Amino acid sequence: MKKIGFLFLSFLFVCQGFSQEQFNGLDMSLGNLSRLSDAKTRSISPENFTGEKGKGGMADPARDKGKRNVANAANEARELGRGWKVNPFIIIEPGETFTMADIAGPGAIQHIWMTPTGNFNFSIFRIYYDGESDPSVESPVGPFFGMAWNQFSPLNSLAMTVNPGSAFNSYWKMPFRKNCKITMQNIDTQPMRLYYQVDYTLTDVGSDEGYFHAQYRRSKPNMTSLHTILDGVKGKGQYVGTYMGVGVTNNGWWGEGEIKFYMDGDDDYATIVGTGTEDYFCGSYNFENKRTHQYQEFSTAYAGLHQVLKPDGLYGSQMRFGMYRWHIMDPIRFDKELKVTIQDLGWKSGGRYLPQHSDIITVAYWYQTEPHKKFPKLPDANILEVN
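Residues numbered from 1 in each chain as written. Predicted model: local features only at pLDDT ≥ 70, side-chain atom pairs only at ≥ 80, totals over all residues. Heavy atoms only, no water.

K.L.:
Got a minute to help me understand the overall build of the chain in this structure?
P.N.:
Scanning the chain for helices and strands turns up 4 helices and 27 strands. Relative to a compact globule of 387 residues, whose C-alpha radius of gyration would be 21 Å, the chain shows 24 Å and is just as compact. C-alpha atoms of the chain, sized along the principal axes, occupy 80 × 75 × 45 Å. Burial status across the chain gives 48% buried among its 387 residues. Total accessible area on the chain stands at roughly 19500 Å², and carbon and sulfur atoms take up 54% of it. (Helix = DSSP H or I, 4+ residues; strand = E, 2+ residues; numbered from the N terminus. Rg over C-alpha atoms; globule rule 2.2 N^0.38 Å. Buried < 20%, exposed > 50% of the residue type's maximum accessible area, 1.4 Å probe, protein only. Areas by Shrake-Rupley, 256 points an atom, 1.4 Å probe, with all protein chains shown as cover.)

Written as structure tokens, this is what we have:
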């Protein structure tokens, strides 16, 4: 009996130890929002480029007037003085790459908000971890946030939101250990204005945390009727999301193609194979509203057809679509390597599949160990341009 009592007390002691384990301030949810932590909350914006404690809003409209990206709104704040919205945005000149954030770790980015002006496909967004020279995230800013066609549409999901006024938001967790650098490159011929906020936490990062990656691809047009979303990935990780924009070049239903995930030695045949494009993006039967006989937009926590751009009868002559699928509850795990493709299929006479030549833009999102394999060279402006 004494032995049973001792074991029970030991069990309670262990349980108490687990319950008092230090919370590192990451993996937030309503369920743990009340838990206290020693993590440090910081934020970078044009009003505080370093995110340092007590260093925000220090620009002086009189002293710093005329200094680009130091007091860009000095004229507007001239009657109010220091601390009154003196530098809320930056200006990135043609050909310039601006470092939005350079953060010493360990920690994790928990939210990014921005509202870029100009051409969304000519603003190149990159993220580098732990001193690496090759980016782990590289994409035009529009496609990264699900806006490949340079037009606003509402997007409302757990991982991303795009709100009125072209307000781009990312809630992907982005852990880093030594440092994290975020840049924006303007490859347009015109200056761009950028408001932004990078919200992050300085805290311990667990040894099992992977690094967030994202990569842009475009088939313009897709002459092989097979679009590669991602290939050449080496290491251990999990695939967590796909954005896809489709510009159709023929009439009829365009989404019969199957997505395929080749992992860890798969050769001719993939381990995971979908049953159709709309099926993979968690819709069905052509995304059609059977009452109106129109495409039905939807935007949910994990999947959506958030963008249906219809021809206007004049200059907007092509039908274009945008959709997303986040593998938040069902990440696709791989141990050594990963390749992802999707077929480009429609219908032709006699009930036969039509190999299409669509304009396809994708961004793949995944976590993996570092170092990662260098990405393919990003296309030049002529390929990135949407017209």
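Picking up after the structure, the text goes on.
K.L.:
Quick question: what am I supposed to make of the sheet that holds strand 17 (residues 272-273) here?
P.N.:
Picture the strands of a sheet paired through backbone hydrogen bonds; they go either parallel or antiparallel. The antiparallel open sheet is built from 4 strands, whose spatial order is 14-24-16-17. Each end of this open sheet is capped by a strand with a single partner; those strands are strand 14 (226-234) and strand 17. Bridge analysis of strand 14 against strand 24 (residues 337-343) gives 6 bridges, and the strand direction is antiparallel. Looking at the pairing, lysine 234 lines up with glutamate 337 of strand 24. (Pairing = 2+ DSSP bridges.)

K.L.:
Help me out: how do you make sense of the packing of aromatic side chains in this one?
P.N.:
Working definition: an aromatic ring pair is given by the centre-to-centre distance plus the angle between the planes. Scanning the entire structure with this criterion turns up 27 aromatic pairs. Ring centres 6.2 Å apart and planes at 75° place the aromatic pair tryptophan 253 and phenylalanine 287 in the edge-to-face group. Linking tryptophan 253 in the loop between strand 15 (237-247) and strand 16 (259-263) with phenylalanine 287 in the loop between helix 3 (277-280) and strand 18 (288-289), this pair joins segments that are 34 residues apart in sequence. Taking the relative accessible area as the measure of exposure, tryptophan 253 reaches 8% and is therefore buried. Connected via pairs of aromatic rings, a cluster forms that spans Phe120, Phe125, Phe144, Phe145, Phe168, Trp172, Phe212, Tyr324, Trp326, Tyr365 and Tyr367. Above the face of the tyrosine 128 ring, lysine 181 is positioned so that its terminal group lies 5.0 Å from the ring centre. Sitting over the ring of phenylalanine 89, arginine 193 keeps its end group 3.8 Å from the ring centre. (Phe/Tyr/Trp six-rings, centres within 6.5 Å; stacked < 30°, edge-to-face > 60°. Lys NZ or Arg CZ within 6 Å of the ring centre and 35° of its normal.)

K.L.:
Just checking my understanding: could you explain the pairing of strand 15 for this structure?
P.N.:
Remember that side chains alternate between the two faces of the sheet whenever the strand is regular. For strand 15, the buried fraction is high: 10 of the 11 residues fall into the buried class. Pairing of strand 15 with strand 27 (residues 359-368) involves 10 bridges; the strand directions are antiparallel. Along strand 27, the bridge assignment pairs glycine 245 with isoleucine 361. As judged from the 7 bridges shared by strand 15 and strand 22 (residues 320-326), these two strands associate in the antiparallel manner. Note that in strand 22 the partner of glycine 241 across the bridge is tryptophan 326.

K.L.:
Quick question: what am I supposed to make of the side chain of aspartate 359 here?
P.N.:
Tracing the chain through its elements places aspartate 359 in strand 27. Given the relative accessible area of 12%, aspartate 359 is considered buried. Within the local environment of aspartate 359, its side chain forms a polar contact with the side chain of arginine 218, the two groups lying 2.6 Å apart. With residues up to four places along the chain from it excluded, the contact list for aspartate 359 reads Trp149, Arg218, Ser219, Lys220, Gly245, Val246 and Gly247. (Polar contact = N/O pair within 3.5 Å; in protein donor to acceptor, adjacent residues only side chain to side chain. Contact = heavy atoms within 4.5 Å.)

K.L.:
What is the right way to read the pattern of salt bridges from this model?
P.N.:
Side chains bearing opposite charge may pair, as long as their charged atoms lie close to each other. Taken as a whole, this structure holds 12 salt bridges when the rule is applied. The partner of aspartate 231 in a salt bridge is arginine 217, with the nearest N and O atoms 2.7 Å apart. Highlighted residues: aspartate 231 in strand 14 and arginine 217 in strand 13 (residues 211-219), separated in sequence by 14 residues. Here lysine 236 ties to aspartate 335 by a salt bridge, and the two come within 2.8 Å at their closest N and O atoms. With lysine 236 in the loop between strand 14 and strand 15 and aspartate 335 in the loop between strand 23 (332-334) and strand 24, this residue pair connects regions lying 99 residues apart in the sequence. Here the salt bridges do not stand alone but share partners, grouping Asp27, Lys173 and Glu209 into one network. (Salt bridge = Lys/Arg side-chain N within 4 Å of Asp/Glu carboxyl O.)

Geometric values such as these leave the question of function open.
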